[in-house]
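A structural walkthrough
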Protein chains: 2
Amino acid sequence: MLDTYGGFCLAIHGGAGTVPVAALKGAAAEAYHAALRTALKAGWTVLNQGGPAVDAVAAAVVELENDALFNAARGAVFTSAGQLEMDAAIMNGADRAAGALAGICGPKNPILAARAVMEKSGTVFMIGTAAEAFLRTENIQFMPTDYFVTPRRLEALHLELTRRAAGMPDTRSDADRHGTVGAVARDAAGNVAAGTSTGGMTAKRPGRVGDTPVIGAGTFADNATCAVSTTGTGEVFIRFTAAADIAARIRYAGQNLEQAAGDVIAELSAHGGDGGLIAVGATGAPVLPFNSSGMYRGFVGVDGVLSTAIHREAFRQVCQ
Amino acid sequence: MLDTYGGFCLAIHGGAGTVPVAALKGAAAEAYHAALRTALKAGWTVLNQGGPAVDAVAAAVVELENDALFNAARGAVFTSAGQLEMDAAIMNGADRAAGALAGICGPKNPILAARAVMEKSGTVFMIGTAAEAFLRTENIQFMPTDYFVTPRRLEALHLELTRRAAGMPDTRSDADRHGTVGAVARDAAGNVAAGTSTGGMTAKRPGRVGDTPVIGAGTFADNATCAVSTTGTGEVFIRFTAAADIAARIRYAGQNLEQAAGDVIAELSAHGGDGGLIAVGATGAPVLPFNSSGMYRGFVGVDGVLSTAIHREAFRQVCQ
């Protein structure tokens, strides 16, 4: 029998933090599990057909971006000025090709836009309206701004601006403050890839960029070590080059993926970094560590069983 | 006698590549050496007064930015659309605080603007016009666009656009294509810091961001390992997290600074990465490796002797 994780596999996240257990049960929890399964299935289908990891990552992230439950593309959070500024990145571990975008609004799926940067621009990292202009020449689907706007995120902005105006303490849960979606995959040929997409933090300072599009911080992939996508307090993840540090521990310190990812989460924790990550190595199962109360997450292997979880409960497993 | 490099030290670069030896001699070479000495002296003065490494780095980079010889601030290169889009970053190894900017035009000294991001914004990375708006509230000196414009860079843009229109091969030297300035320092207390500033690449795609403001790629500092500032083909430096990889080799593989920096340059070379870097560790002298024909560079230690070089000749040494 083929080892479930000896072959291809995929892991996803929909942001770390999450609301308290008591506030997320019943229908709300079911909606998150279902959304995670939809994304897992999209990526798994690519891998099961022998497709490349980078395609599987893109397919999974597209589903998470399209679902307004998550803070990426549709359902993205607003800046303090009431604008949408999205960041995304994708990286192919086979050749370390990468594409990243920051401060854009328009492409229906920023992860596909990041892929266009990787494959078509001759560069790795593009920002702002000039990036949007490039993407319009690359057959990337754009949507009007109101497609991305959701009442939930407008309310979160209103509440936060009201709080700030009143000088009250910040009692929001992590999930209200930030959120990110991401995927990592290893295909049947052994190639790994990572992708991440986010709207950033609610009421963030206009122009602020988090770790998502910073290669080596929020997104990284190299066949020789691992593929990583992170979610959390981006500033700390940038300063500690979170994703690249996992790869470095594997490459230079001889750690395995689980040790390396766990040690990086511990180091981030010690420096105020709150969040989590998903990672997959050249062999074995994905790892999904986090130091917050929860992380919307899931994984799937060759057998196609869709495993999802939100808090620290056992993974819920559903056969396709 | 105090070891010259057992105490404080500083290294700078003004971009890698450089024009062929034959084209850079006499008065032109003298001007570069003099400009490098001015920057070294500015940083050394801070260190010699017991000031912190991050202040020394900023002081040195300010001088390089102010000199139109180098591609940063005044003298920055143009995008293919004839615009100026500058990137900069600074990082303090004492606490791994960092500030980075991409796609800005206005601040006289982008390195000081990056420092304001680090110290005042509550974030690490800001981009575009929103970043400029923040900087205008932070007592950062702005200059009109024509301050940054130089005939040399306008001519380089014109020549490159003409070449592209004619479909001719790209025969420019590296120095005509790109350039960056940077500094690394270790102060008397043993803290390290790094700073980098650039106008990017001549006729670059609007919205393109190179490695300079990507923490872990073009700029990195951590007292436990080293401080690094790079210059070269930014896309490769991003994909290989060049600066952070040097730190990782020291931290996890037990390499010394010279080995780590040399191995990273070799790996960049093997993947089409052209350029160089400057780095300083917790002890010992700075290292300044490069794989291009030259790199405008210099260093100074406790004795105040200003050492500068352009190609692979012996360093020219001048006492203050």
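Residues numbered from 1 in each chain as written. Chains lettered and ligands numbered in written order. Predicted model: local features only at pLDDT ≥ 70, side-chain atom pairs only at ≥ 80, totals over all residues. Heavy atoms only, no water.

What to know about the overall build of chain A
Here is the rule we go by: Runs of E in the DSSP output that reach at least two residues are strands. Runs of H or I that reach at least four are helices, and both are numbered from the N terminus. A radius of gyration in this sense is built from C-alpha atoms; the matching globule rule multiplies 2.2 Å by the number of residues raised to 0.38. Classification of residues uses two cut-offs on accessible area relative to the type maximum, computed with a 1.4 Å probe and protein chains only: under 20% is buried, over 50% is exposed, and between them is partly exposed. A contact between two residues is defined here by any heavy atoms of the two lying within 4.5 Å. Here, Shrake-Rupley sampling with a 1.4 Å probe gives the accessible areas, and only protein chains in the shown set may cover a residue. We treat Lys and Arg as the positive residues and Asp and Glu as the negative residues; His and chain ends play no part in the count. By convention, the point assigned to a charge is CZ for Arg, NZ for Lys, CD for Glu and CG for Asp.
Counting secondary structure elements, chain A contains 10 helices and 12 strands. For chain A, whose C-alpha radius of gyration is 18 Å, the value lies close to the compact-globule estimate of 20 Å for 320 residues. Principal-axis analysis of the C-alpha atoms gives chain A an extent of 60 × 45 × 40 Å. Buried residues in chain A amount to 65% of all 320 residues. Here the analysis covers contacts within chain A between residues at least 6 apart in sequence; of these, 68% occur between residues at least 24 apart. Summing over all exposed atoms, chain A offers an accessible surface of approximately 10700 Å²; the carbon and sulfur share of this is 54%. Put simply, chain A has 25 plus and 29 minus side-chain charges, and the middle of one group is 3 Å from the middle of the other.

So, the packing of aromatic side chains
Applied cut-off: Aromatic pairs are defined between Phe, Tyr and Trp rings, using the six-membered ring for Trp, whenever the two ring centres lie within 6.5 Å; interplanar angles under 30 degrees are classed as stacked, those over 60 as edge-to-face, and all others as tilted.
On inspection of all chains with the given rule, the structure shows 11 aromatic pairs over all chains. Their ring planes at 15 degrees and their centres at 4.2 Å tell us that Tyr32 of chain A and Tyr296 of chain A sit as a pair that is stacked. Placement of Tyr32 of chain A in helix H1 (residues 27-48) and of Tyr296 of chain A in strand E10 (residues 294-300) is noted, with a sequence separation of 264 residues between them. Taken individually, Tyr32 of chain A and Tyr296 of chain A each receive the classification buried, so the pair is uniform in this respect. Between the aromatic rings of Tyr32 of chain B and Phe70 of chain B, the centroid separation amounts to 5.6 Å while the plane-to-plane angle is 70 degrees, which identifies the pairing as edge-to-face.

With respect to the packing of helix H9 (residues 242-253) of chain B against helix H10 (residues 257-270) of chain B
Residue and element names in this part refer to chain B. Quick note on the threshold: Axis angles are defined between N-to-C directions and span 0 to 180 degrees, where every axis is a line fitted to C-alpha atoms and, for a helix, only to the segment in contact. Roughly parallel refers to an angle under 35 degrees, roughly antiparallel to one over 145, roughly perpendicular to one between 65 and 115, and oblique to any angle outside these ranges. Crossing chirality is assigned from the near helix's rotation relative to the far helix, an anticlockwise turn below a right angle marking it left-handed and a clockwise turn marking it right-handed. Classification convention: Asp, Glu, Lys, Arg as charged; Ala, Val, Leu, Ile, Met, Phe, Trp, Tyr, Cys, Pro as nonpolar; all other residues, Gly among them, as polar.
Contact geometry for H9 and H10: axes closest at 9 Å, N-to-C directions at 140 degrees. Put simply, H9 runs oblique to H10. Crossing of H9 over H10 shows right-handed handedness. Where H9 approaches H10, its residues Ala242, Asp245, Ile246, Arg249 and Ile250 are matched on the opposing element by Leu257, Ala260, Ala261, Asp263, Val264, Glu267 and Leu268. Grouping the amino acids of the contact of H9 with H10 by side-chain chemistry returns 8 nonpolar, no polar and 4 charged.

Quick word on the side chain of Lys108 of chain A
One can find Lys108 of chain A in the loop between strand E3 (97-104) and helix H3 (110-120). For Lys108 of chain A, the contacting residues outside a window of four places in its chain are Glu65, Asn66, Ala73, Gln141, Phe142, Met143, Tyr147 and Phe148 of chain A.

Concerning the sheet that holds strand E8 (residues 226-232) of chain A
All names here are of chain A. We apply this condition: At least two bridges found by DSSP between two strands is the condition for calling them paired.
Reading across the sheet, the 3 strands line up as E7-E8-E9 and stay open at both edges, with antiparallel pairing between neighbours. Strand pairing shows two members of the sheet lacking a second neighbour, strand E7 (219-222) and strand E9 (275-281), which therefore form its edges. Strand-to-strand, the axes of this sheet are offset by a mean angle of 10 degrees, without reference to chain direction. As judged from the 4 bridges shared by E7 and E8, these two strands associate in the antiparallel manner. Looking at E8, one finds that Ala221 is bridged to Ala227. Against the sheet, helix H9 (residues 242-253) contacts E7, E8 and E9, and its axis sits at roughly 145 degrees relative to E8. Contacting E8 and E9, helix H10 (residues 257-270) crosses the sheet at an angle of about 160 degrees to E9.

Focus: the pairing of strand E2 (residues 86-92) of chain B
On a regular strand, each side chain points to the face opposite its neighbour's, so the side chains alternate between the two faces of the sheet. Residue and element names in this part refer to chain B. Within E2, 7 of the 7 residues are buried, leaving the element largely enclosed by the surrounding structure. With burial as the criterion, each face of E2 is covered, one bearing Met86, Ala88, Ile90 and Asn92 and the other bearing Asp87, Ala89 and Met91. Here E2 pairs with strand E3 (residues 97-104) via 6 bridges, running antiparallel. Directly across from Met91, in E3, lies its bridge partner Ala98. Where E2 folds back on E3, the antiparallel hairpin that results is connected by 4 residues, among which Arg96 adopts a positive phi of roughly 55 degrees.

Quick look at the sheet that holds strand E8 (residues 226-232) of chain B
All names here are of chain B. One open sheet accounts for 3 strands, arranged E7-E8-E9; its pairing is antiparallel. Because the sheet does not close on itself, it has two edges, and the strands there are strand E7 (219-222) and strand E9 (275-281). Each neighbouring strand pair of the sheet contributes to a mean axis angle of 10 degrees, computed without reference to strand direction. Running over the sheet, H9 touches E7, E8 and E9 and is turned about 145 degrees from E8. Packed on one face of the sheet, H10 meets E8 and E9 and runs near 160 degrees to E9.

A short note on the pairing of strand E11 (residues 306-309) of chain B
Residues and elements named next belong to chain B. Residue alternation in E11 divides its side chains into two sets, Leu306 and Thr308 and Ser307 and Ala309, and both sets are buried. Relative to E11, strand E10 (residues 294-300) runs antiparallel, the two sharing 3 bridges. Within E11, the position partnered with Phe299 by the bridge is Ser307. Two elements, E11 and strand E12 (residues 316-318), share 3 bridges in a ladder whose sense is antiparallel. Within the sheet, the bridge partner assigned to Ser307 lies in E12 and is Gln317. In sequence, E11 turns back onto E12 through a hairpin of 6 residues.

Here we look at the packing of H1 of chain A against helix H2 (residues 53-66) of chain A
A packed helix pair is summarised by two numbers, namely the angle formed by the two axes and the spacing between the axes. All names here are of chain A. Packing of H1 against H2 leaves a shortest axis separation of 8 Å and a crossing angle of 160 degrees. The pairing of H1 with H2 is recorded here as roughly antiparallel in orientation. Relative to H2, H1 is oriented so that their crossing is right-handed. Packed against H1, whose contacting residues are Ala35, Leu36, Thr38, Ala39, Ala42, Gly43, Val46 and Leu47, the element H2 presents Ala53, Asp55, Ala56, Ala59, Ala60, Glu63 and Leu64 at the interface. Class assignment for the residues of the contact of H1 with H2 results in 11 nonpolar, 2 polar and 2 charged.

With respect to H3 of chain A
Residues and elements named next belong to chain A. Within H3, 8 of the 11 residues are buried, leaving the element largely enclosed by the surrounding structure. Listing the buried residues of H3 in full gives Pro110, Ile111, Ala113, Ala114, Arg115, Ala116, Val117 and Met118. If you follow the buried residues of H3, they end up packed against H2, strand E2 (86-92), E3, strand E4 (125-127), helix H4 (128-136) and strand E6 (192-201). The first or second residue beyond H3 is Gly122, which carries a positive phi of 75 degrees.

Topic: the nonpolar core
Looking at soluble globular proteins, one finds that nonpolar side chains tend to be buried together. Rules: In this text, buried Ala, Val, Leu, Ile, Met, Phe, Trp, Tyr and Cys residues form a nonpolar core when linked through side-chain atoms within 4.5 Å.
Phe125, Ile246 and Leu268 of chain A together with Phe125, Ile246 and Leu268 of chain B are the most contacted members of the largest nonpolar core, which has 94 residues in total. Once residues lying within four places of it in the same chain are set aside, the contact partners of Ile246 of chain A are Cys226, Val228, Leu257, Ala260, Ala261, Val264 and Leu277 of chain A.

Comments concerning the pattern of salt bridges
Residue and element names in this part refer to chain A. Which entries qualify depends on this criterion: Salt bridges are defined as contacts in which a side-chain nitrogen from Lys or Arg sits within 4 Å of a carboxyl oxygen from Asp or Glu.
Under the criterion given, the structure shown has 25 salt bridges over all chains. Note that Asp263 is salt-bridged to Arg249, the shortest N-O span being 3.6 Å. Highlighted residues: Asp263 in helix H10 and Arg249 in helix H9, separated in sequence by 14 residues. Accessibility expressed as a relative area gives 7% for Arg249, which makes it buried.

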